[in-house]
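# Overview (structure and organization)
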Amino acid sequence: MSKSFAGKVAVIQFPGVNCEYETVAAARSVGLEAELFRWNLDPGLLEESLAVVLPGGFSYQDRIRAGVVAAKDHIMDKLSQLASTGRPLLGICNGAQVLVESGFIPGLHWERVDLALAPNVMADREGYYCNWVHLRNERSPCAWTSSFREEEVIPVPIAHAEGRFVTDDTGMLEQIKKNGQIALRYCTSSGLVDPAFPVNPNGSMENIAGVCNREGNVLALMPHPERATWLRQVPEDLEGEWGRKRKAAAGRNDRMEDEGPGRRFFASLLSGKGAALPGKGSAGGISLLAEKEGRE
Amino acid sequence: MLKGTIPIADKTDAEVQDTLRGNGLNLTVEEARKVAGLLGRDPTIVELTIFNTMWSEHCSYKSSRKILRDLLPTQAPNVVMGPGEDAGIIRFAPDGEGDHYCVVIAHESHNHPSQVLPVEGAATGIGGIVRDVYCMGADVIGVLDPLRFGDPAGENAAQTLAIARGVVEGIAQYGNALGVPNLGGDILFDRGYDENCLVNVVALGLVKESRILRSRVPREAGEKKYRIILVGKPTDDSGFGGAAFASEDLAGEEEANRGAVQVPDPFLKRVLSVANRQVLDLAEERGFSIGFKDLGAGGIACVTSEMADAGGFGVKIDLDRVNVAAGSYPPAVISCSETQERYALAVPEEFVGEVLKVYNEDFELPHLYHGAGAFVIGEVTGDQDYRIESGGEVVCQAPVKVITTGIAYDRSRKPRRVLHQEPVWQEGRSLRDDFLRVLASPNIASKNHVFRHYDSEVQGRAVLRPGEADAGVVAPLPGEKVGLAVAVDGNPFYGMVDPYSGGALAVCEAARNVAAVGAVPATITDCLNYGNPEVEEVFWEFTEGVRGIGDACQGIGLISEEGHPLPVVSGNVSFYNQGESGKAIPPSPIIACVGVVEDYSRCRSIQFKEEGNIIYYIGDTEGALGGSEYYRVIYKTLGADIPEVDFIRERNQIKTVIEMHRLGWINSCHDTGQGGLLTALAEMALGGNGQGKIGLTLDMDEFPGNSPPVEKILFSESGGFVIELSPGREREVLALCARNRVKLYKLGSLTPYPRLEIMSGGKRLAVWELDELRLVFMTGCLDIFGLRKGA
């Protein structure tokens, strides 16, 4: 009774991930078809998929190290084949950790682990940190950011304990910079890349929030665009343009389902030109989705 | 043949006592004899262990049940399920197809486990409460944690800090991994909690009314064969005796009690939750009635006997079929251990295969966790017997009704006479310095540092996050206008002076919190944390607190449907909160209030929005400072004159604020709780994340001429609201307030200058730069929760 994933965004449900439902909803918000893909289904079903997303959470309980067990899962062989032939692949938070641990990112030497997502380094605190941050869209070949303007400031939440992009290979770092693989950097609400906490919320080198492969079809992204897909999700106290927009929409429920700042990560799959598509309205919510799936 | 009975009937009290203690049981001798009487014979060790749990204070409410039943209103038109099962349920919105969306709410304490093992204790607190909500068939959409710790600078500071940090870490570890957002909570410190912290936890769930599951064997079991399936973590001896442990004093045997604390596993819980959802949907699709219940206190025996009893059937359990962790455990342990992350299902025989497949094959539980999985461990029987077998022998057999027989005590009570006095008023104090001290107090200072350690964003439903407003707000049904607001409250300092007011004001404050975002209070839950109920003064405090809660629920009422009380749909009683010294904690009823708002887009944060807007105060100017943070910090006393309990005034104020929200007038709103009016204004200027830049000039001349000293107005914690309105609404606002008979004071207007300024008679009484307030407010708790390296 396997579902077909042809033409759909497949959201991989490793055991322990916990953002899979809202990630499906976010992909659907731009009109894409999206479905959950349980990790132990036949990987061959992904062959005709439009794109694959590894959502956030704690795959395999972060055993050994975040992302490392999922990176060894047999499904990754299929993802490697798809990604190396241009299929769009996005890893969000724990998904980004999986992509780094599997050597897809930065991918200069495919499947060689060249980067790490190390424990956050923050002023006055350590461990897990959840907050809204701002990202600056850098010039890059990334397929997942193609509908943002260059240097556009994108507010999204982060929520992680190990999100600090690091490497001791300075030559490699220079190379990925040169290739334009640093797709997104943490910045202030006005777009200034300040290395200090909390602008850089985890101490990442170069304020890296997202790294793509050289070709641009694979993106490892620590922040959560699926939590910033609707305007209602934006805090009204947030500094900058999006906070003002949310504040101005107070009392106007018809605006709440409008586009949020993170929606265009998914819209980029549809259009490289930057025009955000009108949302289909939200399909969101665990119970609603679950019910829907049950009925189908 | 019944195996291993324990002689009771023909033994002396001393011998019975020795037997009980020798087996690690907390039952009293009289209770053991009562068990033998009910059974009509000597009990087996398994039976005694079951009763030990079922008759613990934690499970039986043996001291509290009568008081709760007599004093708390539990019925109202919106109530779907009141107290009795794992969680309460209210309707909050029609689904347009004749069904209703419901909110499920459960509220528990995990105090003793958190005192001895803070990380695990707090984590399993979340683990337990979310199971209570999941097992109603709901999805969990948020948790909140009301926490009470000792004095961080007191005699027990080292332990207090370790507990506070550990508890926050435990909450973060479990909730973040499970994927349930944190919606709020509060944290207070007092030396009264030096030996016994309070870790309460509230969980909210979402379910359609037609999909609510009951924790019972379904009626259909009378027509066809039903099996009992146990799913989850392999049973071990962790948490054995946990309910009993929660029901005795913490008497310095912390080391010995650690085994009674359960071991949390949010990973397994997450996988189970996803798999459960599939099983429940599959049952719905196939049209099978099933029973579903989480395993909590008392483990397999308590849960399956309660399911059988509720359905009117018998059950036979075979312990040999229970998946156990490595090692061998005696039947009593397998029957009653409180191993986490387990559920029991009663499903028809023909559905068993599909259920096992979902858990064991689709979600590969046995591969994901050694020994985990779903197994048939028993069957529903047509007789009324509850029977457990082990190794081919019967280790427990009795009518279900006997197993689930309750027990009740009439505890006596006696008022605690403590003389509270107002301090001698000190003229000429520096308002400027005093306010900075109040703002820096750990009870007032921002908890942002803690909230940022929790995932507030997962599930994508957040509208107002912890710290951004008085209540957490979610949009539970994306695409729909309706919102849910939730807040917790319980100020122990009123209860110390007067336990009745402590209960009543906790309800008022929690209701005010949800009204501050524009939501209509729809239900409350209560977690009643007190000392040893066998102590007459403690039981008096408890009874007074419950009376206060009941009166407040009646007095405030259900604003959405006049003539009905604000219903209490769920709750928990936690007694024996006292440490080695034998001193009970302050009376600590903690209330969670859920409110419903018809349009969540009108819910506003507390942060000031725009220069030129006018700030009003809805409240009184009686200036009662008893129990206030001002008295505690500046005068080092509680005082005596706590805020007056006036339900009519509360109700009128709450109604007024909700109405203003509905009219779309409100730009920001904050209730005046701890720290009083001045603290509320500073919090609004700074905002939940401490980033505010808009200032306020406050004119004290707006208050009547015969008002008390300014400090009394500025620091009194008597309830009220501060609201920010656009200019030009004065006449309408005054008319509305007059109609609702509430007092309104215009405090001043918002300025482009980042400072808070207080004027009186044309003179400046005090001024603070926002940056200076920011530093004090945002860092006041940093040394406590400094989750920094080496700390």
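Residues numbered from 1 in each chain as written. Chains lettered and ligands numbered in written order. Predicted model: local features only at pLDDT ≥ 70, side-chain atom pairs only at ≥ 80, totals over all residues. Heavy atoms only, no water.

### Side note on the packing of aromatic side chains
Our working rule: Stacked, edge-to-face and tilted labels apply to pairs of Phe, Tyr and Trp rings (six-membered ring for Trp) whose centres lie within 6.5 Å, assigned for plane angles under 30 degrees, over 60, and everything in between, in that order. Strands here are runs of E lasting at least two residues and helices are runs of H or I lasting at least four, both read from the DSSP assignment and numbered beginning at the N terminus. Burial status follows relative accessibility: with a 1.4 Å probe on protein chains alone, a residue under 20% of its type maximum counts as buried, one over 50% as exposed, and anything between as partly exposed. Criterion for a charge above a ring: Lys NZ or Arg CZ within 6 Å of the ring centre, and within 35 degrees of the ring normal.
This model, assessed by the stated rule, comprises 26 aromatic pairs over all chains. Geometrically, the ring pair formed by phenylalanine 14 of chain A and tyrosine 60 of chain A is tilted, given 6.2 Å between the ring centres and 50° between the ring planes. One end of the pair, phenylalanine 14 of chain A, is in the loop between strand E1 (9-13) and helix H1 (20-29); the other, tyrosine 60 of chain A, is in the loop between strand E3 (51-54) and helix H2 (68-71), and 46 residues separate them in sequence. Assigned by exposure class, phenylalanine 14 of chain A and tyrosine 60 of chain A land together as buried. Linked through ring pairs, Trp425, Phe435, Tyr630, Tyr631, Tyr635, Phe715 and Trp768 of chain B together constitute an aromatic cluster. Geometry around tryptophan 55 of chain B places lysine 34 of chain B over its ring, the cationic atom sitting 5.4 Å from the centre. Taking the ring centre of tryptophan 425 of chain B as reference, the NZ or CZ of lysine 712 of chain B above it sits at 5.0 Å.

### Here's the deal with helix H24 (residues 676-686) of chain B
Residues and elements named next belong to chain B. Counting buried residues along H24, 11 of its 11 residues qualify, which places the element largely inside the surrounding structure. Taken together, the buried positions of H24 are occupied by Gly676, Leu677, Leu678, Thr679, Ala680, Leu681, Ala682, Glu683, Met684, Ala685 and Leu686. Positive backbone phi, at 80°, marks glycine 687, one or two positions downstream of H24.

### A closer look at unusual backbone geometry
Residue and element names in this part refer to chain A. In this model, isoleucine 105 is joined to proline 106 through a cis peptide bond whose omega is 0°. Relative to the elements of secondary structure, proline 106 occurs in the loop between helix H4 (94-101) and strand E5 (116-119). Put simply, phenylalanine 197 and proline 198 share a cis peptide bond, and its omega is 5°. By the element assignment, proline 198 lies in the loop between strand E9 (182-187) and strand E10 (208-212). One non-glycine residue, cysteine 93, lies in positive phi territory at about 55°. Locating cysteine 93 in the fold gives a position in the loop between strand E4 (89-92) and H4.

### What about the sheet that holds strand E10 (residues 291-294) of chain B?
Residues and elements named next belong to chain B. Which entries qualify depends on this criterion: By this definition, two strands are paired if DSSP reports at least two bridges between them. Between N-to-C directions, angles cover 0 to 180 degrees, with each direction set by a line fitted to C-alpha atoms, over the stretch in contact for helices. Here, two residues are considered to be in contact whenever any of their heavy atoms come within 4.5 Å of each other.
Pairing in this open sheet of 7 strands is mixed, and the strands run E10-E12-E9-E13-E11-E14-E15 from one edge to the other. Looking along the sheet, the strands with just one partner apiece sit at the ends: E10 and strand E15 (393-399). For this sheet the average axis-to-axis angle between neighbouring strands, irrespective of direction, equals 20°. As defined by bridge partners, strand E14 (residues 385-390) adjoins E15 across 6 bridges and the pair is classed as antiparallel. Across the sheet, the residue bridging to aspartate 385 is proline 399, located in E15. Across the sheet, helix H14 (residues 349-362) is in contact with strand E9 (226-232), strand E12 (342-348) and strand E13 (373-381); its angle to E12 comes to roughly 150°.

### Section: the environment of arginine 41 of chain B
Residues and elements named next belong to chain B. Relative to the assigned elements, arginine 41 resides in the loop between helix H2 (29-39) and helix H3 (45-54). Sequence separation of arginine 41 and isoleucine 8 is 33 residues, and the distance between their C-alpha atoms is 8.7 Å. Discounting chain neighbours no more than four positions away, the residues touching arginine 41 are Leu2, Ala36, Glu47 and Gln397.

### Looking at the packing of helix H11 (residues 266-286) of chain B against H14 of chain B
Residue and element names in this part refer to chain B. Quick note on the threshold: These descriptions rest on fixed angle ranges, namely under 35 degrees for roughly parallel, over 145 for roughly antiparallel, 65 to 115 for roughly perpendicular, and the rest for oblique. Left-handed describes a crossing whose near helix is turned anticlockwise from the far helix by less than a right angle; the clockwise case is right-handed. Basically, the charged four are Asp, Glu, Lys and Arg, the nonpolar ten are Ala, Val, Leu, Ile, Met, Phe, Trp, Tyr, Cys and Pro, and anything else, Gly included, counts as polar.
At a closest axis distance of 9 Å, the pairing of H11 and H14 adopts a crossing angle of 155°. The angle between the axes of H11 and H14 places the two elements in the roughly antiparallel class. The crossing of H11 and H14 is right-handed. Only Phe351, Glu354, Val355, Val358 and Tyr359 of H14 make contact with H11, whose side of the interface consists of Leu272, Ala275, Asn276, Gln278, Val279, Leu282, Ala283 and Arg286. The residue makeup of the contact of H11 with H14, split by class, is 9 nonpolar, 2 polar and 2 charged.

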